[in-house]
Every structure is written in structure tokens, then in C-alpha cells.
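The lines below spell out each chain.
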Amino acid sequence: MAISNNRLIEIDNGQVRFHWKDYRDNSQIKVMDLEADEFIRRFLLHVLPEGFQRIRYYGFLANRDRRKKLALCRQLLGMQTSCQTAPVKGYRELFQELTGRSLTRCPRCQQGQMVIVESLLPARCRIPIPLDSS
């Protein structure tokens, strides 16, 4: 729910008056007056489109200290931690496992080995940044 009824103070002459909490000012409760159409616009920003489901996490999946809590859960369950897991396979190894074809062999003759000569960065990373000459 975007706003509960108990936060609404008054609706009169196209104006809506309601309580809100200002977290930047020591969580003080303040009163705001808005035009009705602006209030409805802001309210509808919190309404999910049809077919969407709101997901809220509680307990060990809540945002606060999630990593620590999940690490503790894994430890208590006797699972491997991320440091103990096997190294992650690259896409070449995964491709070969899935298809039986090697990306390191020449695609034409299937005899020679492909050698990485240069790895290129995405185009947006290669654009030089102009230096300030002043």
C-alpha cells in the first residue's frame, strides 16, 4: 500500500493534506499539502502494473547484513563458502562441454589452435576522454 488512511488528514477543495516522515531531518513527522492531481500522480508511482508481484524480503534475506547472514546459514548447513568453490569455468570450456566443439581450434581446418592476439574493450570504453588544457 502506498499510503495508509490514517496518514490522510484532510481532503478539501482539490487539496490533499497528509503526514509524512522526513528521514533527512531525524525522522520527524511533517505535514504536506498537495494538489489532488499531484497526489494521485505520486500515489500511482507506487502501484505495480498488472501481472507484477511485489516481493519483500524478511529475516535472513532482508537487505541489512544479508551477506553475513547468508554466510552464517551456509556455514551452519555445512556448505562450501565462495572461497572454497572450484574456479569458475570460462565460456570456452563451457561451450566445449555443451557442444563437444572447441572454440580454440581453427573453425576452417579443425587442426590449428586459435591464439588470442588482442582483447578489445567495448566501444564506449575506448573513446578517449578530452583533457582540460587550461
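Every value quoted in this text rests on a predicted model; they were computed, and no experiment measured them.

Definitions and limits used
- Residues numbered from 1 in each chain as written.
- Predicted model: local features only at pLDDT ≥ 70, side-chain atom pairs only at ≥ 80, totals over all residues.
- Heavy atoms only, no water.
- Helix = DSSP H or I, 4+ residues; strand = E, 2+ residues; numbered from the N terminus.
- Buried < 20%, exposed > 50% of the residue type's maximum accessible area, 1.4 Å probe, protein only.
- Contact = heavy atoms within 4.5 Å.
- pLDDT = per-residue confidence, 0-100.
- Pairing = 2+ DSSP bridges.
- Axes fitted to C-alpha atoms, helices over the stretch in contact; angles between N-to-C directions.
- Salt bridge = Lys/Arg side-chain N within 4 Å of Asp/Glu carboxyl O.

**Q** Go over the overall build of the protein chain with me, naming the residues and quoting the values.
**A** Each helix and strand in the protein chain was counted, giving 4 helices and 3 strands. Reading the protein chain from its N end, one meets helices and strands in the order β-β-β-α-α-α-α. Counting only residues that meet the buried cut, the protein chain has 6% of its 134 residues in that class. The contacts of the protein chain with a sequence gap of at least 6 include a subset with a gap of at least 24, amounting to 7%.

**Q** Lay out the confidence of the model for the protein chain with the relevant residues and their values.
**A** Per-residue confidence for the protein chain gives a mean pLDDT of 83; residues scoring 70 or more make up 86%. Confidence, expressed as mean pLDDT per element, reaches its minimum in the protein chain at helix 4 (residues 123-126) with 58 and its maximum at strand 3 (residues 28-35) with 95.

**Q** Give me the lowdown on the sheet that holds strand 3, citing residues and values where you can.
**A** Taken in spatial order, the 3 strands make up an open sheet running 1-2-3, and their pairing is antiparallel. Whereas interior strands pair on both sides, the edge strands pair on one side only; in this sheet they are strand 1 (8-12) and strand 3. Across this sheet, the average inter-strand angle for adjacent strands is 25°, counted without regard to direction. Where strand 1 meets strand 2 (residues 15-22), 4 bridges bridge the pair, whose relative direction is antiparallel. Residue E10 lies in a different strand from strand 2, and its bridge partner there is R17. Against the sheet, helix 1 (residues 36-44) makes contact with strand 1, strand 2 and strand 3, and its axis sits at roughly 120° relative to strand 3, the strand it touches most.

**Q** Break down the pattern of salt bridges for me, citing the residues and quoting the values.
**A** One pass over the structure, following the stated rule, counts 6 salt bridges. Residue E38 is joined to R42 by a salt bridge in which the shortest nitrogen-to-oxygen separation is 2.8 Å. In this pair, E38 and R42 are both assigned in helix 1, 4 residues apart and thus about one turn of the helix distant. R42 gets classed as partly exposed once you look at its relative accessible area, which sits at 35%. Salt bridges here are not isolated pairs; linked through shared partners, they connect D22, D25 and K30.

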